Each structure stands twice: as structure tokens, then as C-alpha cells.
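So you can see what is in the structure, the chains are spelled out below.
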Amino acid sequence: MTDDETEKAEETSARDREQDRDREQEQQLLALEKKRERYVWYYLAYFLFGIHLVAFVMIYAVKHAK
């Protein structure tokens, strides 16, 4: 192998490692984003459940008031 071929192989190898690292980081960010989105939906569901629960208690209180 000549020096040029060795140099090109090292550049290609370094570029591949960098691309792999970028790809892995992108996958981690996507996983984190998916997890956070799931939590947002959970909080929204709990909030809506709570609002309805309060509304039913208030309706009950108004209907049974003397």
C-alpha cells in the first residue's frame, strides 16, 4: 500500500466513524423526543381526567344542594 492509499483509507475510516457517531446521536435524540412526547400525552390525559372529575363533583354538588 502506498502512502496515498493509506491516507485515503484513514480518512475514509475517520469519516465512517464520524458518520456512525452522528447517526447514533441522532437515534438517541429521536428516542428522547419520543419519550418526552409520550410524557406530554400522559400529562394531558391526567389533566383532562382531573377536569372532568372536578366537573362531575360540582354537578353533583349543585344538584344535591338544598
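This section reports on the structure supplied with the text. Keep in mind the model is a prediction, meaning the values are calculated, not measured. (Residues numbered from 1 in each chain as written. Predicted model: local features only at pLDDT ≥ 70, side-chain atom pairs only at ≥ 80, totals over all residues. Heavy atoms only, no water.)

## Focus: the packing of aromatic side chains
Moving on, step 1. Scanning the entire structure with this criterion turns up one aromatic pair.
Moving on, step 2. Taking the centre distance of 6.3 Å and the plane angle of 70° together, the rings of Tyr39 and Tyr42 count as edge-to-face. Within this pair, Tyr39 and its partner Tyr42 are both found in helix 1 (residues 3-63), separated by three residues, close to a single helical turn.
Moving on, step 3. You can call Tyr42 partly exposed: its relative accessible area is 44%. (Phe/Tyr/Trp six-rings, centres within 6.5 Å; stacked < 30°, edge-to-face > 60°. Helix = DSSP H or I, 4+ residues; strand = E, 2+ residues; numbered from the N terminus. Buried < 20%, exposed > 50% of the residue type's maximum accessible area, 1.4 Å probe, protein only.)

## Let's talk about a positive patch on the surface
Moving on, step 1. There is a patch of like positive charges on the surface, built from Lys34, Lys35, Arg36 and Arg38.
Moving on, step 2. For Arg38, the location among the structural elements is in helix 1.
Moving on, step 3. Residue classification places Arg38 among the partly exposed residues on the basis of a relative accessible area of 43%. (Patch = residues over 30% accessible without salt bridge, like charges linked within 9 Å, V, L, I, M, F, W, Y side chains within 5 Å. Areas by Shrake-Rupley, 256 points an atom, 1.4 Å probe, with all protein chains shown as cover. Salt bridge = Lys/Arg side-chain N within 4 Å of Asp/Glu carboxyl O. Lys, Arg positive; Asp, Glu negative; His and termini not counted. Charge placed at Lys NZ, Arg CZ, Asp CG, Glu CD.)

Coordinates in, geometry out; function isn't part of it.
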